[in-house]
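Residue-level structure breakdown
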Amino acid sequence: VEGTGLFAIDARAGSEIWHFSPRKPGLFTPAIAEGIVYAGGSGGTLYAIDAERGKQRWTQKTGEIWTSPAITGSELVVQ
C-alpha cells in the first residue's frame, strides 16, 4: 500500500478496500463509531469518512488538532 491518508484493508486477504486522501497530508489515528471514521488532520480539519465506502461525509475546521478524536455518546471531542 503506497501513499498517505487512511486505508481500509481486508483483514483476511490483505487487499485494499478503499483509500481516503485529504487535501493536506497528515492525519492522526482515527476513531470509529456507527459506521463513520473520524480523523483530525494536521491542517486543522476534522474529517468524517464513511467507513464502508471511504467517501468523505463532512469536514469541520477546528484549528490545529493534536490528538485522536474521542467519542462519547453523540459528542466527538478533539484537542
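Computed from a predicted structure; not experimentally measured. All residue numbers refer to positions counted from 1 along the written sequence of the respective chain. Given that this is a predicted model, residues contribute local features only at a pLDDT of at least 70 and side-chain atom pairs are listed and counted only at 80 or more, while totals for whole chains, interfaces and linings are drawn from all residues. As a rule here, side-chain values come from all non-hydrogen atoms in the structure, and water together with hydrogens is ignored.

**Points about the packing of aromatic side chains**
By convention here, two paired aromatic rings are described through the distance between centres and the angle between planes. A pair of Phe, Tyr and Trp rings is counted when the ring centres sit within 6.5 Å of each other, with Trp represented by its six-membered ring. The angle between the planes then sorts it: under 30 degrees is stacked, over 60 is edge-to-face, the rest tilted. Under the defined criterion, the tally for this structure stands at 2 aromatic pairs. Between the aromatic rings of F20 and Y47, the centroid separation amounts to 5.5 Å while the plane-to-plane angle is 65 degrees, which identifies the pairing as edge-to-face. On the criterion of sequence distance, the pair formed by F20 in strand β2 (residues 16-20) and Y47 in strand β5 (residues 45-50) is long-range, its members being 27 residues apart. Exposure class is identical for F20 and Y47. Each is buried. With a centroid separation of 6.1 Å and an interplanar angle of 50 degrees, the aromatic rings of Y38 and W58 are classed as tilted. Of the two residues, Y38 sits in strand β4 (residues 36-40) while W58 sits in strand β6 (residues 56-61), which places them 20 residues apart along the sequence. Labels follow the DSSP assignment, with helices taken as runs of H or I lasting at least four residues and strands as runs of E lasting at least two, numbered in each case from the N terminus. The rule is simple: take the accessible area with a 1.4 Å probe, protein chains only, and divide by the maximum for that residue type; under 20% is buried, over 50% is exposed, in between is partly exposed.

**Observations regarding the pairing of β6**
Between any two strands, at least two bridges found by DSSP are needed for them to pair. Where β5 and β6 come together, 5 bridges link them in antiparallel fashion. From the neighbouring strand, Y47 faces β6, where its bridge partner is T59. Taking the residues between adjacent antiparallel strands as the criterion, β5 and β6 are bridged by 5 residues, where G54 takes a positive phi near 75 degrees.

**Thoughts on unusual backbone geometry**
Positive phi, close to 50 degrees, is recorded for E34, a residue that is not glycine. By the secondary structure assignment, E34 is in the loop between β3 (31-33) and β4.

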